[in-house]
Every structure is written in structure tokens, then in C-alpha cells.
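# Inside the fold
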Amino acid sequence: MGPTLGVGWEDTAGDVPRDAKAFGVSGSSGVEIFIVYDPKRVTEPTGKTHWPLDAKVDVVVSVNRASKDLNDLKVKVSYFEQPEGDALGHSVLYLTGVGRLRAPMFLQVKVSYFEQPEGDALGHSVLYLTGIDVSLDVDTGRTGKVKRSGGDKKTWRWGPEGYGAVLLVNCDRDSRKFGDPDLANSQLVSLDGGNSLADYKQVLGPRHLTYEVERQPGEREVRFYVEGLTFPDTDFSGLVSLSVSLVDTKTFPQASLFTDTVTFRVAPWIMTPNTQPPLELYVCSVVDSHGSNEKFLDDMSYLASKANCKLVVCPQIDNRNDRWIQDEMEFGYIEAPHKSFPVVFDSPRNRGLKDFPYKRVLGPDFGYVTREILYTGPSSLDSFGNLDVSPPVTVGGVEYPLGRIVVGGSLPKSSGRRMSKVVWNFLRAQQVQAPVQLYSDWLSVGHVDEFMTFVPTSDQKGFRLLLASPRACLKLFREKSEEGYGEAAQFDGLKYEDKRTINEMLADRQLQSDSRYAQKCIDWNRDVLKQELGLVESDIIDIPQLFSVRDSYAEAFFPDMVNMLVLGTHLGIPKPFGPIINGRCCLEEQVRSLLEPLGLHCTFIDDYLSYHELLGEIHCGTNVRRKPFPFKWWNMVP
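Worth saying up front: this structure is predicted, and the values here are computed from it rather than measured.

### Quick notes on the pairing of strand 3 (residues 22-27)
- Sheet topology note: the strand 3/strand 5 (residues 51-52) ladder contains 2 bridges and is antiparallel. Of the residues in strand 5, the one forming a bridge with A22 is P52.
- When strand 3 meets strand 7 (residues 73-80), the two strands line up antiparallel, connected through 6 bridges. Within strand 7, the position partnered with S26 by the bridge is K76.

### Focus on the nonpolar core
- Ranked by internal contacts, the top residues of the largest apolar core, which has 62 residues, are L438, W442, F451, M452, L546 and L571.
- It is helix 8 (residues 509-533) that provides the largest number of residues to this core, a total of 7 residues.
- Ignoring any residue separated from it by four or fewer positions in sequence, one finds L546 in contact with P470, C473, L474, F477, M505, L511, S515, E555, A556, F557 and F558.
- Among the nonpolar cores identified, the runner-up in size contains 42 residues, and V169, F384, I405 and L427 belong to it.

### Quick notes on the UniProt feature "active site" (unreviewed entry) in the chain
- Here the UniProt feature "active site" (unreviewed entry) sits at D327, H447, D449 and C620. Spanning 294 residues, the named residues nonetheless gather at one spot, since no C-alpha pair among them exceeds 10.5 Å.
- Relative to the helices and strands, D449 is located in the loop between strand 28 (436-439) and strand 29 (452-456).
- Look at D449 and you get buried, because its relative accessible area is 3%.
- Assignment of secondary structure puts C620 in the loop between strand 40 (601-605) and strand 41 (622-626).
- In this structure C620 comes out as buried when scored by relative accessible area, which is 5%.
- C620 has contacts with R323, W324, I325, Q326, D327, D449 and N563, leaving out every residue within four places of it along the chain.

### Looking at the side chain of D139
- Mapped onto the secondary structure, D139 falls in the loop between strand 10 (123-129) and strand 11 (165-167).
- No salt bridge is formed by the buried D139, whose closest oppositely charged neighbour, K147, lies at an N-O distance of 7.5 Å.
- Non-local contacts of D139, meaning those with residues more than four positions away in its chain, are made with G144, K145, V146, G164, A165 and P337.

### Some thoughts on the packing of helix 6 (residues 470-485) against helix 9 (residues 586-595)
- It is the contact of helix 6 with helix 9, at a shortest axis distance of 11 Å, that shows an interaxial angle of 120°. In this structure, the crossing between helix 6 and helix 9 has a hand that is right-handed. Contact residues: C473, L476, F477 and K480 in helix 6; C586, L587 and Q590 in helix 9.
- Counted by class, the contact of helix 6 with helix 9 contains 5 nonpolar, 1 polar and 1 charged residues.

### Some words on a nonpolar patch on the surface
- On the surface, L204, Y211, V213, V222 and F224 cluster together into a nonpolar patch covering about 400 Å² of accessible area.
- Structurally, the position occupied by V213 is in the loop between strand 13 (197-201) and strand 14 (239-248).
- For V213, a relative accessible area of 39% puts it in the partly exposed group.

### Thoughts on the side chain of D388
- By the secondary structure assignment, D388 is in strand 24 (residues 387-389).
- What D388 contacts, discounting residues up to four positions off in sequence, is M271, R404, I405, V406, V448 and F454.

### Notes on the pattern of salt bridges
- Inspection of the entire model under this criterion finds 33 salt bridges.
- Its salt-bridge partner being D318, residue R360 comes within 3.3 Å of it at the nearest N-O pair. Of this pair, R360 sits in helix 4 (residues 356-361) while D318 sits in helix 2 (residues 316-319), and the two are 42 residues apart along the sequence.
- D318 gets classed as buried once you look at its relative accessible area, which sits at 16%.
- E555 serves as the salt-bridge partner of R550, at 3.5 Å between the closest nitrogen and oxygen.
- Through salt bridges that share partners, D137, R148, K153 and D260 make up one connected network.

### A word on the packing of aromatic side chains
- Scanning the entire structure with this criterion turns up 26 aromatic pairs.
- A centroid spacing of 5.2 Å and a plane angle of 80° characterise the contact between W156 and W158, whose relative ring orientation is edge-to-face.
- Of the residues examined, W156 reaches a relative accessible area of 8% and is grouped as buried.
- Ring geometry for Y282 and F331: centres 4.9 Å apart, planes at 40°, overall tilted. Note that Y282 is positioned in strand 17 (residues 278-284) and F331 in strand 21 (residues 329-336), a separation of 49 residues in sequence.
- Taking the relative accessible area as the measure of exposure, Y282 reaches 6% and is therefore buried.
- In textbook terms, an aromatic cluster arises when at least three aromatic residues are bridged by ring pairs, as seen for F491, Y496, F557, F558, F577 and Y608.
- Positioned above the aromatic ring of W156, the side-chain terminus of R265 is 4.8 Å from the ring centre.

### Thoughts on the pairing of strand 28
- Strand direction decides the pairing type here: strand 27 (residues 405-409) and strand 28, joined by 4 bridges, are parallel. Within strand 28, the position partnered with V406 by the bridge is V436.
- Between strand 27 and its parallel partner strand 28, the chain crosses via helix 5 (residues 421-429), and the hand of that crossover is right-handed.

### Quick word on the sheet that holds strand 29
- The strand order across the open sheet formed by 3 strands is 29-30-33, and the pairing between neighbours is mixed. Single-partner strands in this sheet number two, and they are strand 29 and strand 33 (540-544). Strand after strand, the sheet turns through a mean of 35° between neighbouring axes, direction not considered.
- In the packing of helix 6 onto the sheet, the strands contacted are strand 30 (463-469) and strand 33, and the crossing angle to strand 30 comes to about 70°.
- Contacts from helix 9 reach strand 30 and strand 33 within the one sheet, and its direction differs from that of strand 33 by about 170°.

### Things to note about the confidence of the model for the chain
- Chain-level pLDDT for the chain is 87 on average; 89% of the residues reach the 70-or-more range.
- The low-confidence segment residues 1-11, where pLDDT is below 50, has 44 contacts with residues more than four positions distant or belonging to other chains.

### Thoughts on unusual backbone geometry
- Residue P253 is reached from F252 by a cis peptide bond, and omega for that bond is -5°.
- Mapped onto the secondary structure, P253 falls in the loop between strand 14 and strand 15 (255-266).
- One non-glycine residue with positive phi stands out, namely R320, at about 50°.
- Locating R320 in the fold gives a position in the loop between helix 2 and helix 3 (325-328).
- Judged by its relative accessible area of 47%, R320 falls in the partly exposed class.
- Although it is not a glycine, F577 adopts a positive phi angle of roughly 55°.

About the cut-offs
- Residues numbered from 1 in each chain as written.
- Predicted model: local features only at pLDDT ≥ 70, side-chain atom pairs only at ≥ 80, totals over all residues.
- Heavy atoms only, no water.
- Pairing = 2+ DSSP bridges.
- Helix = DSSP H or I, 4+ residues; strand = E, 2+ residues; numbered from the N terminus.
- Core = buried A, V, L, I, M, F, W, Y, C linked by side-chain atoms within 4.5 Å.
- Buried < 20%, exposed > 50% of the residue type's maximum accessible area, 1.4 Å probe, protein only.
- Contact = heavy atoms within 4.5 Å.
- UniProt positions renumbered as here; feature names shortened; annotations may be inferred.
- Lys, Arg positive; Asp, Glu negative; His and termini not counted.
- Salt bridge = Lys/Arg side-chain N within 4 Å of Asp/Glu carboxyl O.
- Axes fitted to C-alpha atoms, helices over the stretch in contact; angles between N-to-C directions.
- Left-handed = near helix turned anticlockwise from the far one by under 90°.
- Nonpolar A, V, L, I, M, F, W, Y, C, P; charged D, E, K, R; others polar.
- Patch = residues over 30% accessible without salt bridge, like charges linked within 9 Å, V, L, I, M, F, W, Y side chains within 5 Å.
- Areas by Shrake-Rupley, 256 points an atom, 1.4 Å probe, with all protein chains shown as cover.
- Phe/Tyr/Trp six-rings, centres within 6.5 Å; stacked < 30°, edge-to-face > 60°.
- Lys NZ or Arg CZ within 6 Å of the ring centre and 35° of its normal.
- Right-handed = clockwise from strand over helix to strand, strands pointing away.
- pLDDT = per-residue confidence, 0-100.

Written as C-alpha cells, this is what we have:
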């Protein structure tokens, strides 16, 4: 019985001379030889002793470098019994080697036979090797460059010590003409290194799962470009594997001799909180039965200039008098080590602004994603005024370096309104901003931005949570009444609203009851936010606000000040038209005293007719694209 030669695990026993009792093996530089044996049955040879042929012994051959020329590597197997003798004959065996190859490795074995049993070899098996490297390489180190990796490329790991390549969804549109995102096209024209365009032909995809690589003479590598087609979701974990196989085409069916596999994770869609610096402020220009919002646009222009932020005005032809641009879309981004670009998430509300994100925002290096509700249609809670994200937080020792998404819904186990499953599931599937659901169904519109917002601060905490507070408002009004200002009136200076003195509001049992109900709902959310975001009372600021209840749902009694625009340290706050005391609005003064010591600048803006009376405020009528996080999402452990 002869040794099993382990290049392709070819058994050479049939070519061993009849009288041979032992064998030896040697190889040229660049060849590694391993003897596999059972030490209980076989004693390892020493000195001139050779390996026995009458035991199970395998010879495994490995090539540790690619060849410079054909057949420049060899392995010789010699058979022994007598010291000398001429060869009885020889035969040639052709093999295909298996390894990390860039092309097939052709091997040749020459077997020579000798008559004498000892001393010189009875015969030699000479294995001629051509080492050709086949390896599938990606950016497993997350450096932005493809490098050769000898580690585990099949596994993808999170964390600062993790590894694995990142794949971007090709959801932008590099062609400047109207059309679908790039991922919808099999013949791709894409930006390549600036403004130049490069053509890419699709060779693999949902309809083409395999592709035969034709290696050209002298070709040392073949480069493939990979694009993601969809974001993680309930039916897709985000992991994608790509394999290259060395196939023996002479067998039927064709046999796979070696496979190298790499795994990518599709980059998640990431939201940015108010604490991130603003880049662009979006607002709609409208003229309808409520009049023009031209003055509001002027105020937004002023605020944007203060914050060094670009103002983008969506014209009436594009918004069709739908002013609620916050509800229509949410800005986020996707990122890989080699590239990052913004992606707009288009809500399923589909009102006047429904075409704006697709037709006017989607473009070169600006992606687009949406989720449609196919059967029941969206509710108010599917608008993105009901979608927010916290700054980075740590909760019970668990870090959320990209914050946590916050959405509104109904109370647990109740049958009230909720965000649709298709949107909620999408948000959860991104993994990096674990969503929290609050109770917003007590509100007429039902959005979280009606009772909460985050603002940046320059202290160690870095932010504060602002909550609308009927309790704080009634306390302020009682203090002013006790100070002798009970006749100062809410809505003073508004021609289109009846004045209400402080004493009248304090005596209004219905308003008191409505505000107590609203406070209970906000307190429920306060407890959830403290628990889910790891907050303490000093992280929360109560902003005075009253609510009135109509048909079992609450609405802001005066312009809702927490529904503000945050542009860095500059805040655009709905003007509350509170009681004037000593020439100043006492509500505005209270808010200034709470926020300005934190380094924030308060600008109160009249949105009463153009937004408040339509059940919205400044935040509802604006949208902000912000800088991405400096933190790299793949370094966290979700």
C-alpha cells in the first residue's frame, strides 16, 4: 500500500513498485510537506530510516507562494527496499491541486520504479507543481482599502475589535436625469472618483446567481464591484455572502475543488439627532386660503444665516400647498469605510409633498428609501413628525453611541393608533439605534414632537430633553397671579383670538382638567424616557405649555413651544403670545431663563396663522439635514 498524496488527495498506491517497503518524500523551496499518521501504529523515522508503506500514512502538500513559471515547484516521493538498482519503469499522473488560488493549479507526478529493495530508491514519484493563488479579498479590516486577509472572511463581527466588509445600498441616482435609483439598473453608470462617470456591467444579481470567470493570459487579478440592493428589514438580516469556486470542468457534474467566501453587512440607515450640527434647512413656500407664509420664510432665512446653515425652499409647484415637510421625510445617512452619503427616508403619508423626496432630493450621492403601506393606508402616526432620535446615551451600562430612535404609538395592549408595522420593522431592523415606543395617541395629531424635543448643550451631558409641561405652566401662572398680574392676558396682541386673563385660565375648570390629563400622559412618557434613555431629572427641562381636549384628543392651547426648530445653539421657538408683564411675555421669559444659561439662543417666531391653527408648529413645517456622527456604526455592539 502506498502513501496518499494529499494535493487533491490523490491516492498513488497503484503506482508503487511491487517490492517497495518504505518511502521518503522531499520538496523544493516554496513547498510545504506534512505527514499525517497515527503515532500508535507508526513510529516517526529518524536518520536514514524511511516511512513504512504498510501503514496508513498520508502526505499533504501545500504551496505557500504563487509560481513564477510553470512547473517551478516539485515534490519527490522515493520508494525503498534495496540500496541500489536501475529503474524498472515510470508513469506520469496529472493532478489538479486545491488551495487559495487565483486559477487552477496543474500538477504532474512522475513515478519511477527500481529493482533493488534497499539503499537507492526503487522508484521516484515526482510531483511538478505550479502554485497559482486564488483568493477573494475585500476590506475586512474596515480601512477603506481592499487588503489580503488570512483571517475568517466568512464571519462578520461587530465592535472595535470586529471585522468584516461593509456594503452600501446603491440608492442614490448618479445620472442627473430623472429616473430610478442606481440599484434598479443592471447597466450601471456611476460616479467614479469625483464627477467622472464609469460604466459597470452586472454579472451577478437576483436573476444571475453564478458567473464563470474567464482568466485572460497574464491576468493576475479580476476586480469586481458590489452594490447593495436593499436595506436590512424583517426578511433580510443585512448579511450578504459572495463566493468564488475552483471547479473541475472535466467531471460531470462539475466538481468544486476549492471555495473562498467573504461576507458583507449592508450598512444601516442612520438618523441624526438635534445635537448634530445642521447642514441644510428645508421649508415649504405656500399660498392658500390661510394666506402666504412669506414672513415665516424670512424668519427661517434669518435663523439659517445665524446658524451658518443653507436654506432650501421647496416651491409651491413641488409641495402643492403641503407645508408639513417634517412629516413627509426624514434625513439620515449610510456609511462604509470608503464612502458615506445622505439618504432621505420618504414616509408613506403620500400627500402633496409625496413626490418631492424622490424627484428633488434623490440625486448624485444622495440616496432614497421608502416603505409603503399596501392595504390599510397610513395613519397620522406614520408621518415623520412622529419619528425622532435621541443623542448618544448609556443605559444601565449599555452604550448607544448613535442614540435611540423614538416613535409614538398607543398604550401597551391597547387598540389605539400606532406607527405601521412596515415602518416600525424597518427602523428596528437597522439595529444600531434600537427604537423606543412612547405614548402619543392621546394627541389629536399624535406625534412625539408635540410634547418633546432634544437640544444640545456645551456641558458634560451634551444635551437636555425638553418636555411640554402643563404643570409648569399652571405653576407659573399662579405665581404671576399671586404677584398681582392676574389680569395680564394670554393672546394679548392677537386680533384673531380672544384674550384670556391669567385669573380666567386658572378658574377655567375644563382647561385645568384637560391640562391635568395631558400632564398624566406626558408623565407616563417621562418615566419611559428616563428608563430607556438612562436619564435623570436633571437631564430634563419642563417647558410651560397648556393643552385642551376635543373629542377625546388633546391639542396645544397656545403655540406649542417644544415643537421648535433646533439649528445648533439657535432655537426657532413658536411664539406663545403669553401674558405681557412689565412689557415682556412671561412665557418667553420663562423659557429664556431655562435655556439661555445652557448657551442656547432663543428666537420666538410667529407661526400662529400659518401653522398653529392648522394643528402644527415650526418643527412640523421644517426639516433639517445634519452632519453624520463621527462614530462609526460598525464599532458598536447592538
